[in-house]
Amino acid sequence: MCGIVGYIGTQAASSILLEGLQKLEYRGYDSAGVALVEGNAIHCIRAKGKLHNLKEKLENTPSPAQLGIGHTRWATHGKPEEYNAHPHMDTHRRIAVVQNGIIENYRELREALKALGHEFRSETDTEVIPHLIAEEFKQLDLGEFENLRGLKNSLPSPLTEAVRRAVNKLHGAFAIAVISADSPDELIVARQQAPLVLGFGQGEFFCASDTPALVPYTRAVLPLENGEIARLTPLGVEVYSFEGQRLKKAPRTLNWNPVMVEKQGFKHFMLKEIYEQPGVVRACLEAYLNPEWSQESGVRSQELSALPHLQSPTSNPPPPSPNPQPPTPNPRSPVRLNLPTTLYEDLQQIQIVACGTSWHAGLVGKYVLEQLAGIPTQVQYASEFRYSASPITPNTLTIGVTQSGETADTLAALEMELHRRQGLATEFQPRMLGITNRPESTLGNLVPHIIDTHAGIEIGVAATKTFAAQLMAFYLLALDIAHYRQSLTTEQIEKLLDGLRQLPAEIEMILESQERYIEELAHDFVETQDFIFLGRGVNFPIALEGALKLKEISYIHAEGYPAGEMKHGPIALLDAKVPVVTIAMPGTVFEKVLSNAQEARARDARLIGVTPMDEQEAEDTFDTLIPVPHVEEILSPLVTVIPLQLLAYHIAARRGLDVDQPRNLAKSVTVE
Ligand code: AGP
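The present account deals with the structure reproduced in this document. Note that the structure is a prediction, hence the values are computed from the model and not measured.

## Some details on the packing of aromatic side chains
Now for step 1: This model, assessed by the stated rule, comprises nine aromatic pairs.
Now for step 2: Ring geometry for Y7 against F206: centres 5.3 Å apart, planes inclined by 55 degrees, an arrangement best described as tilted. In this pair, Y7 sits in strand β1 (residues 3-8) while F206 sits in strand β10 (residues 205-208), placing the two residues 199 residues apart along the sequence.
Now for step 3: You can call Y7 buried: its relative accessible area is 0%.
Now for step 4: The class of F206 is buried, set by a relative accessible area of 2%.
Now for step 5: Where F174 meets F242, the ring centres are 6.4 Å apart and the plane angle is 5 degrees; that geometry is what we call stacked. With a gap of 68 residues between them, F174 in strand β7 (residues 172-180) and F242 in the loop between β13 (236-241) and β14 (246-247) connect regions that are remote in the sequence. Across this residue pair, the class does not change: F174 and F242 are buried.
Now for step 6: Every member of this aromatic cluster is reached through a ring pair, and the members are Y7, F206 and Y217.

This is the structure in structure tokens:
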């Protein structure tokens, strides 16, 4: 939600800021602006709408300034108009500020500052910040301050001190960058609950809401932590706490490169990212499958007692063994997630918190964890969990799933859970785990254990490859817990591992054989107004995900339902104008799903089936088939989601919409 950038160094700041904003445009694109220190004044240029509008304005006013800040906005307070665009300035236009976040106490501050004579020009919460800094600066006794600095050079500069005093008066979540016409050699930034990363170059320093804006210039980065202020000058970076203490910090090196954030010949990032999925699955397998695991060291099937979660609903339980032997412990797990076994000891429950697509991954995770590892699992919307958390139960593992690692609702839910569990006498160490694509994110600092999904940076606002990677994380976690609890036989584990290893080729097969066909099919739905997606069991979350993808990028109304639930109400929506996409994979619910699809057909709906080739019954049921390979049912979401992503992409592209930056959305939702 909103992207901020800053630059101080020896090059022209405006082009560096623009390029940075372009990399951050996925965070919001309602308006954009830059402020540059030129001579002893601040030159501020802003434009409504997408970045290219600002670019055009800047082309007409080239600037040699070597210090500046920039912003791309996702509107929260105030309409997306130029007068609300950042940067915002104080009354005398000496201080400029860009902000990502929300200042909750802005009304009180605004009234107090107005009473002191400050003149406001926008409807935003952000505008209080430059006025407050100007006021704090005015209140500083500069003579005394400079004397003190002479005695104790760990004290911040006057501008840093004014910013420090100001941020201590702000309530809410924010990341800010500040410049002053009276301090042409410094850029001050601060962070509280919103992401901000510093970049270290040679005689030049950068700040940005996210690393893609930095990688064209440097891979040496330092993510600021909550409650930290940094002062960037051409000579280096100083970091202070909000209390004014100087902190020792060293940058770290990012292990990805600028090419990863280019389209590489694809028309949109989303399509490129869909095509990257076989590689993402391979990367997860390479990173996490244990090459030392062998069938010989596993648990033989006859050693397993009859576990209810491993039986199909129709199978009879095997007779109890007259002389039950404990299974031979297997020293090696088939996966190496490097998680401590204390996470799994006496584990009674798992709760997953997430939003959007990550929540859908959590629903697949629930299915997989319950069916493979036998652990009761709940999945909660993070935004709901925060205000209606389930009663606390001991021996519960809480998993936060967020590709960005910055989603405010998910972070707040996890923080709340961390505090709740720390207060529990029975649990000294709360069991918390994060699944994220950005281990360097706020999530990475919040929870003690992380599964890094290794998907590479995702730019398209619609999550695709990170969803696939999150599913992989859940399969691997379920296998690790299943191994620990010995809830699967060696044969079952080996079968799943084989299935996982085949996934990349199977996804490739769909991309190669179906993309053209789906592109053609998309023609039929350019004018469609409503879509229904159906699935059952492990593919119900995929129906939800198919509907979400279509909604967010094509603006077509779409609903995902468990196929068996249609007859309880939603079937009333169906007629010849409402296509029904049904996921029907052979397994426990195949026949049931086909019957549910027939019910839709009887209401004249056009039926599109995502189903394996040569399943005669399916072929007879659906009007249109999107064939996918035969895959073990529990692993099938990684295959069935691909045609749904492609369908959403091609419908949106055919409607001429901005697939990578759909209206009203932002990639990283860093406000509540
Ligand atoms: C996905 O296509 C959406 N843009 C959105 O639902 C997203 O999944 C959600 O905002 C959560 O993001 P996160 O994974 O970064 O926490």
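## A look at the nonpolar core
Now for step 1: If you look at the biggest cluster of nonpolar residues, it comprises 98 residues, and the most contacted ones within it are I399, L477 and F531.
Now for step 2: With 14 residues, the single largest contributor to this core is helix α13 (residues 465-485).
Now for step 3: Apart from the residues within four sequence positions on either side, F531 is in contact with F525, L550, I556, H557, A558, E559, V578, P579, V581, L647 and I651.
Now for step 4: Of all hydrophobic cores here, the second largest spans 32 residues; its members include Y7, A32, A47 and L254.

## Description of the site of the ligand
Now for step 1: Taken together, 14 residues lie around the ligand, and S358, T402, S404, T407 and E552 are the ones closest in.
Now for step 2: With respect to the ligand, the side chain of S358 contributes an N or O atom lying 2.6 Å from an oxygen atom.
Now for step 3: In this structure, E552 approaches the ligand through a side-chain N or O atom, which is 2.3 Å from an oxygen atom.
Now for step 4: Contact with the protein chains hides 91% of the accessible area of the ligand, taken as 420 Å² for the molecule alone.
Now for step 5: Contributing elements (two or more residues each) for the shell around the ligand: α9 (356-373) and α15 (540-554).
Now for step 6: Among the elements that make up the shell around the ligand, the one with the highest residue count is α9 (three residues).
Now for step 7: A class-by-class count of the residues in the shell around the ligand yields five nonpolar, seven polar and two charged.

## Notes on the packing of helix α3 (residues 106-115) against helix α4 (residues 128-139)
Now for step 1: At a closest axis distance of 10 Å, the pairing of α3 and α4 adopts a crossing angle of 50 degrees. What the angle tells us is that α3 and α4 run oblique. Handedness of the α3/α4 crossing: left-handed. Contacts from Y106, L109, R110 and L113 in α3 reach V128, H131, L132 and E135 in α4.
Now for step 2: Classifying every residue of the contact of α3 with α4 by side-chain character gives five nonpolar, one polar and two charged.

## Considerations on the pairing of strand β23 (residues 580-583)
Now for step 1: Alternating positions in β23 separate into two faces, V580 and T582 on one and V581 and I583 on the other, with burial throughout.
Now for step 2: Relative to strand β24 (residues 607-612), β23 runs parallel, the two being bridged by four bridges. Paired with V580 across the bridge in β24 is L607.
Now for step 3: For the handedness criterion, the β-α-β arrangement of β23, helix α16 (residues 590-601) and β24 is classed as right-handed.

## A look at the sheet that holds strand β25 (residues 624-628)
Now for step 1: Pairing in this open sheet of five strands is parallel, and the strands run β22-β21-β23-β24-β25 from one edge to the other. Of all strands in the sheet, those with a lone pairing partner are β22 (557-562) and β25, marking the two edges. For this sheet, the mean inter-axis angle between neighbouring strands, taken without regard to orientation, is 20 degrees.
Now for step 2: Along the sheet, helix α18 (residues 637-654) makes contact with β21 (530-535), β23, β24 and β25, crossing β23 at roughly 160 degrees.

## What about the pattern of salt bridges?
Now for step 1: Applying the stated criterion to the full structure yields 30 salt bridges.
Now for step 2: When the shortest N-O distance is used, the salt bridge between E238 and R231 registers 3.0 Å. Summarising the burial analysis for this pair, E238 and R231 share the class buried.
Now for step 3: Note that E417 and R421 form a salt bridge whose closest N and O atoms lie 2.9 Å from each other.

## Some words on α18
Now for step 1: Compared with an ideal rise of 1.5 Å per residue, which puts 18 residues at 26 Å, α18 spans 26 Å between its outermost C-alpha atoms and is within 8% of the ideal.
Now for step 2: For α18, the tally of buried residues reaches 17 of 18 residues, placing the bulk of the element in the interior.
Now for step 3: Looking one or two places after α18, you find G656, whose phi comes out positive at around 75 degrees.

## Some remarks on the pairing of strand β12 (residues 228-233)
Now for step 1: Most of β12 is tucked away: six of the six residues are buried.
Now for step 2: The two faces of β12 match: E228, A230 and L232 on one face and I229, R231 and T233 on the other face are all buried.
Now for step 3: When strand β8 (residues 183-192) meets β12, the two strands line up antiparallel, connected through five bridges. Across the sheet, the residue bridging to L187 is L232, located in β12.
Now for step 4: Where β12 hands over to β13, the hairpin turn is made up of two residues, counted between the paired strands.

Cut-offs and rules
- One numbering rule holds for all chains: residues counted from 1, following each sequence as written.
- Per-residue local features are limited, in this predicted model, to residues with pLDDT of at least 70; the limit for side-chain atom pairs, both in listing and counting, is 80 or more; totals at the level of whole chains, interfaces and linings are taken over all residues.
- To obtain the side-chain values, all non-hydrogen atoms of the structure were used and water was disregarded.
- Here is the rule: rings of Phe, Tyr and Trp (six-membered ring for Trp) pair when centre to centre is within 6.5 Å. Planes less than 30 degrees apart are stacked, more than 60 are edge-to-face, and the remainder are tilted.
- Only DSSP runs of H or I reaching four residues or more are called helices, and only runs of E reaching two or more are called strands; each is numbered from the N terminus.
- Throughout, exposure labels follow a simple rule: accessible area from a 1.4 Å probe, protein chains only, divided by the maximum for the residue type, with under 20% read as buried, over 50% as exposed, and the rest as partly exposed.
- Residue types Ala, Val, Leu, Ile, Met, Phe, Trp, Tyr and Cys, when buried and joined through side-chain atoms within 4.5 Å, form a set referred to as a nonpolar core.
- Contacts were defined at the residue level, with two residues in contact if any of their heavy atoms lie within 4.5 Å.
- Consider each residue's heavy atoms; a residue with any of them within 4 Å of a molecule or strand counts as near.
- Whenever a nitrogen or oxygen atom comes within 3.5 Å of another N or O atom, the pair is scored as a polar contact, on the condition that within protein one atom can donate a hydrogen and the other can accept it, and that pairs from neighbouring residues in sequence are kept only if both atoms are in side chains.
- For the accessible areas, the method is Shrake-Rupley and the probe is 1.4 Å, while residue cover comes only from the protein chains on display.
- The nonpolar class holds Ala, Val, Leu, Ile, Met, Phe, Trp, Tyr, Cys and Pro. Asp, Glu, Lys and Arg form the charged class, and all remaining residues, Gly among them, are polar.
- A fitted line through C-alpha atoms serves as each axis, taken over the contacting stretch for helices, and the angle formed by two N-to-C directions is quoted from 0 to 180°.
- Note on terminology: angles under 35 degrees are roughly parallel, angles over 145 are roughly antiparallel, angles of 65 to 115 are roughly perpendicular, and the others are oblique.
- Each crossing gets its hand from how the near helix is turned against the far one by less than a right angle, where anticlockwise is left-handed and clockwise is right-handed.
- Two strands form a pair only when DSSP identifies at least two bridges running between them.
- Crossover handedness is defined by viewing with both strands directed away from the observer: a clockwise path from the first strand over the helix to the second marks the crossover as right-handed.
- The working definition used for a salt bridge is a side-chain nitrogen of Lys or Arg within 4 Å of a carboxyl oxygen of Asp or Glu.
- Multiply 1.5 Å by the residue count of a helix minus one, and that product is the helix's expected span.

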